[in-house]
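Okay, here's what each chain looks like letter by letter:
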Amino acid sequence: MPPKMPSTQAAEIVEEQVVEEEEEEGEGRIAFHISVSSVSHLPCDLETFVEFSGVCRKNRSSSASVSSSSSSPCFDFPKDRFIRRSNQTLYDDLVSHPLVVCLHDAGNDDALVGQASISCLPLLHEELEVGGDVELELAPTYHRKWWPELDQADQEAVSKDKKATAKAKGKDKKNVEALQETPVEITKRPNDFVPPKTLITVHVRVAELVGPLEDRGAWTTLSFQLKGVFSLPERLTMLGLTGLADDIEAHQLKYRATMFGESLVDGALARPIASCPQPASADVNEKAVDQGTSEEEWCEQQEQVSQAVRFKEHIIRYRGSKFLKEFRYMLNNVGGIWMYFAPQEKTPSDPKKPNLPEAGALAKHFSGKAWVDLRGFLQPGNLSVEKRCKLRSTCADEDILPGEPTLQDAHSFVRLALELRFAAAPHPRPCIEDLRLLAPTFAAANTYPTSTDAATIYQEAIDISFKAVCQDCDSSTQGVAGAVAQLKKRGNYDDLRESLRGAVVRVFRERLRKDTHAVPGKILQGKVRDELISSTYGYLKETAVSVLDEIRCHEQARVASMAELEEKQRQQQEQQQQHQQQSQQH
């Protein structure tokens, strides 16, 4: 199956814009670090380099070989970062221009292999890194290389052209034969072959979020597109033209539109989309409106058949919390804003062909404005509004030209569209059926964990230590030093010490947690510290004495029980002996 060519528009390089960069980092400046780690699934092996543009100045890497399979070429850039001043210009660029990544063929006069775009908008308030594996949209020439048979046909056609050129120039036979290439057997792709996506791994990182801190929870983007100004007076649209067949560039006016403090300055007269014998005059428009044609149908017809002023530029701007506050106030109290339309006289391209004398006066006469109703943004969740708005004249009294029609006479109107990234009126919260869910919940009162575990562990440590001392020491052991030496000799000292230390620390922690004078995170000092240590020491000493007393009592009870048992055994033996003696006497 023949390949479907990608859009040539996608493979075109975006027109370079003027970007102001800084040389050094500092206060009020943001450093954007960029990196390319791999390129995969190219249609053939190439010697390539990468070029960045868009939100930064053009930054071209060194050349590196890239195989048709996945590879990690070493693209060295003169600068691995670009630095921008943190201001409104940067915020607007991040929301309106992507980072453009272009892969070029260094072995083919730097031809464009493919292009990708990465939005840096999340770096404002959402992410510290954007990018990853991005699909490269291949240029048509390189997209065809996925089908070697087509690529070979292209090369043969080029070779024939070269040979024909060589013959036409009278070159000798040897030179012509030198242009002939040895045919190479090409494996044809199956009809159902689908080429894999060509990917490039790109990352853009910043150390901190780029957007202003005060806008972190309240920001948006404002998109403004003026789709055209229609049904303009013939006196305006035919200025400098003698008929519809004339070059539209001969029109002697340019146009500006202003809204939200932003201006579209690239307005120009354009031919009708559909063919029309001649522009409709103001009288004809008036009759069409009066003959019962609905306003919407009439406007749609005018958009097709009338000469219109069209604007190529599409404005996207960053707006913060202050704008949102003023925007919501406008929606609630005013409901819309004015859009201003201003024709301006062009500078003649040829000094020998100056503009008509009335050009400047007509530009002032046909200036106007249109009221844009934005109450559609009050609908919860609505992100866009598209309107047709009637134009009315704003010409000053001294600039009015007697006998000339006005914008109102021609029923001139503009069609525009506005879009927000986040809704000015968010969706309402769902209704709560169970009102008990609205009742506030309270956390349970703080309770201190029981200290029984710490006391039990300490008592067991005392018991184990005492029994170990009794087992390892005898009557010949002299004092504490002798007992310690004997325990070390038997290898039990370190274990007993760590066991006792851990138990004592637990007790200290439990008592410190319950001490009303203790402040969390603050070191105890002075009298409070001394009282805690003395009271804990007293508790540890009393507990140790209590444990030893219990051990002594248990030992005494055990000895008494053993003595009682021995006494019973002695009495039983005596009784048995008496029975034996009596039996012998009988």
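Keep in mind that what you see is a predicted model, and the values were worked out from it rather than measured.

### Let's talk about the overall build of the protein
Along the protein, the regular secondary structure elements total 13 helices and 19 strands. Taken across its 586 residues, the protein has 34% of its residues classed as buried. For the protein, the proportion of contacts with a sequence separation of at least 24, taken over those separated by at least 6, is 77%. Accessible surface computed for the protein: about 36600 Å², of which carbon and sulfur atoms make up 50%.

### So, unusual backbone geometry
The phi dihedral of His 41 is positive, around 60°, even though this residue is not glycine. Tracing the backbone through its elements, the reader meets His 41 in the loop between β1 (29-40) and β2 (46-53). Taking the relative accessible area as the measure of exposure, His 41 reaches 33% and is therefore partly exposed. Look at His 411: it is not a glycine, yet its phi comes out positive at around 55°. Considering the arrangement of structural elements, one finds His 411 in the loop between β18 (384-393) and β19 (413-420). With a relative accessible area of 24%, His 411 lands in the partly exposed category.

### Overview of the sheet that holds strand β8 (residues 129-135)
Spatially, four strands are ordered β5-β1-β10-β8 in an open sheet, and the strand pairing comes out antiparallel. Edge positions in the sheet fall to β5 (81-85) and β8, since each has one partner strand and no second. The sheet shows a mean angle of 20° between the axes of neighbouring strands, taken without regard to direction. With seven bridges joining them, β1 and strand β10 (residues 199-205) adopt antiparallel strand pairing. Each bridged residue has a counterpart across the sheet, and for Ser 40 the counterpart in β10 is Leu 199.

### Brief notes about helix α13 (residues 526-585)
Here α13 spans 88 Å end to end across 60 residues, near enough to the 88 Å set by a 1.5 Å rise per residue. Taken together, the buried positions of α13 are Leu 532, Thr 536, Leu 540, Thr 543, Ala 544, Val 547 and Ile 551. Residues of α13 that are buried make contact with α10 (452-472) and α12 (493-513).

### Here we look at the pattern of salt bridges
In total, this model carries 26 salt bridges according to the counting rule given. In this structure, Glu 22 engages Arg 85 in a salt bridge whose closest nitrogen and oxygen atoms are separated by 3.4 Å. Of this pair, Glu 22 sits in the segment before β1 while Arg 85 is found in strand β5, placing the two residues 63 residues apart along the sequence. What makes Arg 85 partly exposed here is its relative accessible area of 36%. Glu 386 is the salt-bridge partner of Lys 227, the closest N and O atoms lying 3.1 Å from each other. In this pair, Lys 227 sits in strand β11 (residues 220-230) while Glu 386 sits in strand β18, placing the two residues 159 residues apart along the sequence. Judged by relative accessible area, Lys 227 falls into the partly exposed class, the value being 29%.

### A closer look at the confidence of the model for the protein
Residues with a pLDDT of 70 or more make up 83% of the protein, whose mean pLDDT is 82. Contacts of residues 7-14 to residues separated by more than four positions or lying in other chains number 16 contacts, the stretch itself having pLDDT below 50.

### Considerations on a nonpolar patch on the surface
A surface patch of nonpolar side chains, about 440 Å² in accessible area, is lined by Ile 432, Leu 435, Leu 437 and Leu 438. For Leu 438, the position within the fold is in the loop between β19 and α10. Take Leu 438: its relative accessible area is 55%, and that puts it in the exposed class.

### Points about the nonpolar core
In terms of nonpolar packing, the biggest core is built from 45 residues, with Phe 32, Val 50, Phe 52, Leu 99, Leu 124, Ile 200 and Val 210 touching the most fellow members. At five residues, the largest contribution of residues to this core is made by β1. Residues within four places of Ile 200 in sequence aside, it is in contact with Val 36, Ser 38, Val 39, Val 50, Val 101, Gly 132, Asp 133, Val 134 and Leu 136. Residues Leu 239, Ala 359, Leu 362 and Leu 407 belong to the second largest nonpolar core, which totals 44 residues.

What counts, and at which threshold
- Residues numbered from 1 in each chain as written.
- Predicted model: local features only at pLDDT ≥ 70, side-chain atom pairs only at ≥ 80, totals over all residues.
- Heavy atoms only, no water.
- Helix = DSSP H or I, 4+ residues; strand = E, 2+ residues; numbered from the N terminus.
- Buried < 20%, exposed > 50% of the residue type's maximum accessible area, 1.4 Å probe, protein only.
- Contact = heavy atoms within 4.5 Å.
- Areas by Shrake-Rupley, 256 points an atom, 1.4 Å probe, with all protein chains shown as cover.
- Pairing = 2+ DSSP bridges.
- Axes fitted to C-alpha atoms, helices over the stretch in contact; angles between N-to-C directions.
- Expected span 1.5 Å × (residues − 1).
- Salt bridge = Lys/Arg side-chain N within 4 Å of Asp/Glu carboxyl O.
- pLDDT = per-residue confidence, 0-100.
- Patch = residues over 30% accessible without salt bridge, like charges linked within 9 Å, V, L, I, M, F, W, Y side chains within 5 Å.
- Core = buried A, V, L, I, M, F, W, Y, C linked by side-chain atoms within 4.5 Å.

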